[in-house]
Amino acid sequence: LRIDSAELRLVRLPLVTPFTISTGTMYDKVFPLLTLRSDGIEGYAEGVMDPLPDYLGETTAAAMTLLTETLLPGVVGRSFANPQALQAELSRWRGHRMTLATLEMAFWDLWSKSLDLPLMSVLGGDAAAVEVGVSLGIAPVEETLKRVDAHLALGYRRIKLKVKPGHDIGLLREVRAAFPEAHLTVDANCCYTLADTDLLRRMDDFALDYIEQPLAWDDIHDHATLQGRIRTPLCLDESIQTPADARKALQSDACRVMNIKVGRSGGFAESLRIHDLCAAFDVPVWCGGMLESGIGRAHNIHLSTLPNFRKPGDVSSASRYFHRDIIEQKLETDGGMMPVPQHGAGIGVTLDRGFLDSVTIDRREVRA
Ligand code: OSB
Ligand code: MG
C-alpha cells in the first residue's frame with residue numbers, strides 16, 4: 001500500500017469542562033491530526049501528546065517537527081505491505097512513542113480501509129459495543145459527589161477519581177459512603193512516593209478496583225515494592241510505553257491491571273504485544289484515554305474490542321469533552337456501553353471538514 005501524500009494539522013478544541021489532574025489543569029485540547037492518502041483513500045490518526053511535557057516527555061511542537069521534517073518525508077512515496085512493515089521501520093527510533101503512534105495508527109486506518117474491513121477486524125477484535133467508565137477530574141468534594149451521581153445514573157460502569165496529596169482519603173471516604181456499591185478507582189498521575197506508603201495503604205479500606213499510577217512515571221521497581229505492601233491492585237499507565245516495560249511490570253508484580261493507551265505505546269502493533277503479554281500473565285487490561293477527539297476516540301474503541309480488555313475503558317461520550325467534534329458521527333454511550341463506530345471501513349467515522357477547518361491552527365502538506 002503506497003502512501004501518496006500526507007497532511008498534518010494542529011487542531012484546538014475547547015473543553016466543555018476544564019480537566020484537572022495532579023499535574024495541572026487543561027482548558028482545551030490541542031493535538032496533531034494526521035491524514036495519510038493512498039489512491040483516493042484516507043487514513044486518520046491524532047497524537048496524544050500535550051503542549052507541555054507534563055504527562056510524559058513528548059510535546060505537540062516536537063511531534064509536529066519530527067513528523068514534518070523526518071517521519072513523513074521518510075514514508076511518503078513509499079509502499080508498505082502492511083502495518084507491521086511500517087512499524088518495523090519506525091522501531092529504529094528511540095522514544096517519541098506518541099509521535100510514532102500517530103503515523104502508525106493512521107496507516108492502520110488506511111490499510112483496513114484498503115481491505116474494506118473495520119479496524120477491529122484487522123486487530124483481531126469483534127464486538128458491537130464496549131464497556132465504559134468515566135474519569136472525573138479534581139474538583140471540590142461536593143461537586144465530585146454530584147458528578148459521580150450523574151455518571152452512575154447514565155450507566156457508566158466505573159468511576160475513576162483523580163487524586164492528589166490532600167485530596168485523596170477524605171474524598172474517598174465521602175464518595176464511598178454515598179455510593180457503597182459503585183466500581184471506584186483512583187488515578188494519581190505519579191504524585192506519590194514510597195514515603196506515602198501508609199497513606200496509600202489506607203486506600204485498601206475503600207474497596208477500590210485498582211489504584212492507577214501512584215508513583216513516578218519511570219519507576220516500575222518502586223511500584224513492585226508498593227504492590228507488595230498493599231492489597232488493592234495497582235494499575236500502571238505512564239510507566240508502560242513499550243512491551244518490554246509491560247514485561248518487566250508483569251514479571252515483578254508491579255501491577256495487577258494495566259491501562260493500554262495505543263497513542264502512548266507506539267501504536268497498535270506494540271499495543272497488541274502488550275495486550276497479549278498481559279493475557280499470558282492473566283492480567284486484565286482496559287483502554288485509557290487522553291481526552292481525544294472523535295478520531296482518536298474511534299481508534300480507542302476499536303482496540304477495546306480485543307478479548308483481554310476485561311475492564312471498562314476511558315472511552316466515554318464525546319459530548320462530555322467537546323461542544324462539537326471534528327467527526328460527522330456522534331460517539332455517545334448508551335447504558336455504559338459505547339457502540340463501535342462502523343460508518344464505513346477502518347475507524348468507521350468521517351471528518352466534518354468544514355468544522356475541522358475552523359479549528360485548525362496550523363496545516364502542512366508532505367508530498368512525494
Ligand atoms: O492519566 O489517564 C490519565 C487525561 C489526560 C491525561 C492523562 C489521563 C487522562 C484521563 C482522562 O484520565 C481519560 C479520558 O477521559 O480521556
Ligand atoms: Mg492515568
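Basis of the calculations
Residues numbered from 1 in each chain as written. Chains lettered and ligands numbered in written order. Predicted model: local features only at pLDDT ≥ 70, side-chain atom pairs only at ≥ 80, totals over all residues. UniProt positions renumbered as here; feature names shortened; annotations may be inferred. Helix = DSSP H or I, 4+ residues; strand = E, 2+ residues; numbered from the N terminus. Buried ≥ 20, exposed ≤ 12 C-beta atoms within 10 Å, placed from the backbone. Arc of directions from axis to C-beta. Contact = placed C-beta atoms within 7 Å. Domains from an automatic or database assignment. Nonpolar A, V, L, I, M, F, W, Y, C, P; charged D, E, K, R; others polar.

A short note on the UniProt feature "domain: Mandelate racemase/muconate lactonizing enzyme C-terminal" (unreviewed entry) in the protein chain
- Here the UniProt-annotated "domain: Mandelate racemase/muconate lactonizing enzyme C-terminal" (unreviewed entry) positions come out as residues 141-233.
- Across residues 141-233, the secondary structure splits into 40% helix and 11% strand, with the terminal C-alpha atoms separated by 24 Å.

Things to note about helix H9 (residues 243-251)
- Inspection of H9 places Ala246, Ala249 and Leu250 among the buried residues, and these make up the whole buried set. Mapping the buried residues of H9 onto a view down its axis gives an arc of 95°, with all of them on the same face. Looking at H9, the residues exposed on the side facing more than 90 degrees away from the buried face are Ala244 and Gln251.
- Of the surrounding secondary structure, the elements contacted by the buried residues of H9 are helix H8 (220-227), strand E9 (234-236), strand E10 (257-260) and helix H10 (268-280).
- Backbone geometry just downstream of H9 places Asp253 in the positive-phi region, at approximately 55°.

Brief notes about the domain arrangement of the protein chain
- Here the protein chain is described as being made up of domain 1 (5-116 + 349-367) and domain 2 (121-339).
- Taken together, the 39 residues of domain 1 in the interface contact 38 residues of domain 2.
- Within the residue set of the side of domain 1 that touches domain 2, elements represented by two or more residues are strand E1 (5-21), strand E2 (24-38), strand E3 (41-46), helix H2 (83-90), helix H3 (97-114) and helix H12 (353-358).
- Ranked by residues supplied to the side of domain 1 that touches domain 2, first place goes to H3 with 8 residues.
- Here the residues of the side of domain 1 that touches domain 2 are counted per class, giving 26 nonpolar, 8 polar and 5 charged.

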